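Below are the chains, spelled out letter by letter.
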Amino acid sequence: MLLSDIITPELFASAVRLATPIALAAVGASICERSGVVNIAMEGLMLIAAFSGTAVALLSGSTWLGVLAAVVASMAFASLHAWASINLRADQVISGTAINILALGTTGYLMETVFGHPGTTDPVRTIRPVFDFPSGGSGALATVWTWVDTVLFSYTPIVYFGMFAAVFLTWALYRTRWGLRLRSLGEHPRAADTVGIDVYRGRWSAVLASGFMAGLAGANLTLEQVGSFTEGMTNGRGFIALAAMIFGRWVPGGGYLAALLFGFADALQLKLQIFSDVIDIPPQFFLMLPYVLTVVVLAGVVGRAVAPAAVGKPYKAKG
Amino acid sequence: MRARMPDAVRDSSADPDARREAAEHRFAAEQERVRRAISVATPFISVAIAVLVGSLVILAAGKDPVAAFSAMFRGSFGGVRQIGETLLRATPLVFTGLAVAYGFRSGLFNIGAEGQLFMGGMAAAWVGVMVAGLPWAVSVPVILVAAGLAGAAWAFLPALMKARIGAHEVITTMMFSYIGRYLVSWIIAGPFKDKGAIPQTPMLPGTSQLPRLSDVFTFIEPNRAHLGIVLGVIAAFVVWWILKYTVLGFEARAVGFNPTAAQTGGISVAATTVKSLCISGTLAGLAGAVEVMGVHHRLFDQFSSGFGFTGIAVALLAKNNPIGVIAAAVLFGALSAGAGTMQLDADVSQKVISIIQGVIIFLVGAEMIVTWAVGRLRDRKGGDDAAQ
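Please read all numbers here as calculations on a predicted model, not as lab measurements.

Here is what the cut-offs are and how they apply
Position numbers for residues count from 1 along each chain, tracking the sequence in the order it is written. Naming scheme: in the order in which they are written, chains are lettered from A and ligands are numbered from 1. The model is predicted, so local features are restricted to residues of pLDDT at least 70 and side-chain atom pairs to those at 80 or more, both for listing and for counting; the totals for chains, interfaces and linings are taken over all residues. Only hydrogens and water are removed before side-chain values are computed, so all heavy atoms of the structure are retained for them. Here a strand is any run of E in DSSP of at least two residues, a helix any run of H or I of at least four, and the numbering for each starts at the N terminus. To get the radius of gyration, use the C-alpha atoms; to get the globule rule, take the number of residues to the power 0.38 and multiply by 2.2 Å. Note on definitions: a residue-residue contact is assigned when non-hydrogen atoms from the two residues lie within 4.5 Å. Each accessible area is a Shrake-Rupley result for a 1.4 Å probe, and residues are judged covered by the shown protein chains and nothing else. When two components associate, each loses some accessible surface as probed by a 1.4 Å sphere; the sum of these losses over both components is called the buried area. Just to be clear on terms, a salt bridge is a Lys or Arg side-chain nitrogen sitting within 4 Å of an Asp or Glu carboxyl oxygen. Two N or O atoms form a polar contact when they lie within 3.5 Å of each other; inside protein one atom must be a possible hydrogen donor and the other a possible acceptor, and for residues adjacent in sequence the pair counts only when both atoms belong to side chains. Here a helix's expected span is defined as the number of its residues, less one, multiplied by 1.5 Å. Fitting axes to the seven residues ending at a residue and to the seven starting there, one defines the bend at that residue as the angle between these axes. The patches described consist of residues with a relative accessible area above 30% and no salt bridge, like charges being joined within 9 Å and nonpolar side chains (Val, Leu, Ile, Met, Phe, Trp, Tyr) within 5 Å.

Across its full length, chain A carries 13 helices and zero strands. The globule rule puts the C-alpha radius of gyration for 319 residues at 20 Å, and the 20 Å found for chain A is close to it. Structurally, chain A occupies a C-alpha span of about 70 × 45 × 40 Å along its principal axes. Put simply, of all contacts in chain A between residues at least 6 apart along the chain, 80% involve residues at least 24 apart. Accessible area of chain A: about 13,000 Å², with a carbon and sulfur share of 67%.

This next bit is on the interface of chain A and chain B. With 45 residues of chain A at the interface, the matching set in chain B holds 44 residues. Taking both sides of the interface into account, the surface hidden between chain A and chain B amounts to around 3,700 Å²; carbon and sulfur atoms contribute 82%. At the junction of chain A with chain B, the criterion picks out two salt bridges. Lys351 of chain B serves as the salt-bridge partner of Glu112 of chain A, at 2.7 Å between the closest nitrogen and oxygen. Inspection of the chain A/chain B interface yields six residue pairs in polar contact (both at pLDDT 80 or more). The set of elements that each furnish at least two residues to the side of chain A that touches chain B consists of helix 4 (63-87), helix 5 (92-115), helix 11 (237-247) and helix 13 (283-301) of chain A.

Here the focus is helix 10 (residues 199-226) of chain A. Residue and element names in this part refer to chain A. When the terminal C-alpha atoms of helix 10 are compared, their 39 Å separation across 28 residues agrees well with the 40 Å that a helix rising 1.5 Å per residue should span. The largest bend in helix 10 amounts to roughly 30 degrees and is located at Asn220. Backbone nitrogen of Tyr200 and a side-chain oxygen of the N-cap are separated by 3.3 Å at the start of helix 10; the cap is Asp198. Among the residues trailing helix 10, Gly227 stands out with phi positive, at a value near 85 degrees.

Here we take up a nonpolar patch on the surface. Taken together, the side chains of Val230, Val233, Ile234, Phe237, Val238, Trp240, Trp241 and Tyr245 of chain B present a nonpolar region at the surface, about 740 Å² in accessible area. Looking at the element boundaries, Tyr245 of chain B is found in helix 9 (residues 228-245).

Here it is as structure tokens:
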């Protein structure tokens, strides 16, 4: 086993791909929490989206219709969270937990009702990468091209959308009126209300935005990567995304970069498992890696990362 | 304005301010009474609404909800064997419910009880085999203590991270949950694997098992309920006593109620956080132990069907009251025991019970929803009263 066997362009591309569902959710959660609403339901929203996307893609034969269904289903469940936590001022963590359990139950139930069996669905045609450049000959230049092509141009549309969303929303959060207003909702909703910002409406749109991103995360997972749905397949990614959001200090771009770290750890452990005959470590320890990394990251950074002041606190509009 | 003034003066005969104040006072008291009543009624209303939602879901799939729920009832309370099965499934839920409830009482959300349960199960499976040869009265307490410690240990790091740097326990305990599951998956396939191909630990000796109730009290018809349910009831009363009568419990409640006030009052929030989450972990660890000692007598990958997560629903439904946890655990135990019969007799996927569970959490957690619904009903019905 050589280092060059491990450090390949494919390793980095795989890191970006594996990071994408986490990154999309982290970006969405950043927006949501900036508005003052904790969204612990990202895990469940992703799961609902993953199922709806696969089911609609299988039944209709159109993968893009599947993406649409994933986003719509995720946003529908997100509006349940918004209604409970904004209008009814419920405990946001509990409302989120309810949605996570509801998602697990609903997808399991629908799986058995629609497809007649538990476990995994039939495979669905996955979305192709956006670019398809020819690989160029041999020599040093060709090696460079392989790296560039694989690391930059090998991805599917939602992966690129994730990158774009992270950059755009980071800019928008600090450079636009929308961003300033959003941040004010999470820092001091009473003050925002006083100057005429509609707190409920602002928070609703932020929660729906996070539902949109979670929907894309679920669609990316099933319709661009795995190609089928398995019960409970999100496997904690929604929670890792929250850790990424914190690591990224509630800035969309930061959340994206933190997710890349998790994606890289995941890609590395998958790669290392191939060499299990050389490295004599049980596979379970590799599988633990992303979760251990999350804990380590939280232990190292949380003390210095400051959450939006009013996050998790219900707001009661006067009158 | 000026023209209407005399009317107003004439109407409020004695002292207008006093009258208004009295009326406002009455109104506030009435509001408070309604709020209390709704708060008490919420768990019951929530279960009713959840069953209704479940029925709609069953109906949407083209199945008969009445047949489904009556099959579920037969499967959970239809006879001694069925009641035994309900109690069997309620047993771990009493412990995980207590674990989550204790956390909530001290302001902590132990969403990772599942991982602590796995650690407790692992300790029980290991120590249970180690103490072979010791008399039952010695080995059972030793195993329980070991499992409790294992659960506490698994909660300790998240607790420390919460106390020291404020890392949210929802994320850390969840991550430890995944780590714990992979650890168990390795232990049962590697260092502590039984002979044979199946990844599981060796069978516990008889002296490390919790006997069935029907084996101890032979007048009961044979059923699978085991001594763990008795331990669970004892644990519920112990937790109730800790919360109500000990300094430990008082500090936990104080921090849960208002950490700033507790700190000002001289209670160390950090120390209380660590202690509370570790107690919560202990209870979750015991859940794993009773499941291993009473049901499977060994450890394998699927020995828990998400008891840690159902514990959240149990705690919320019980409004974090330790005695209420027993009742809520029996309810969820019955749902789980009856689900099989429902699937068999009414051809309804048993996953519908996790939908019911989710709706219950949503409704109890968001008590405002019930308040809102009741308020709307009252508005419609009591429109005339309000006008007077």
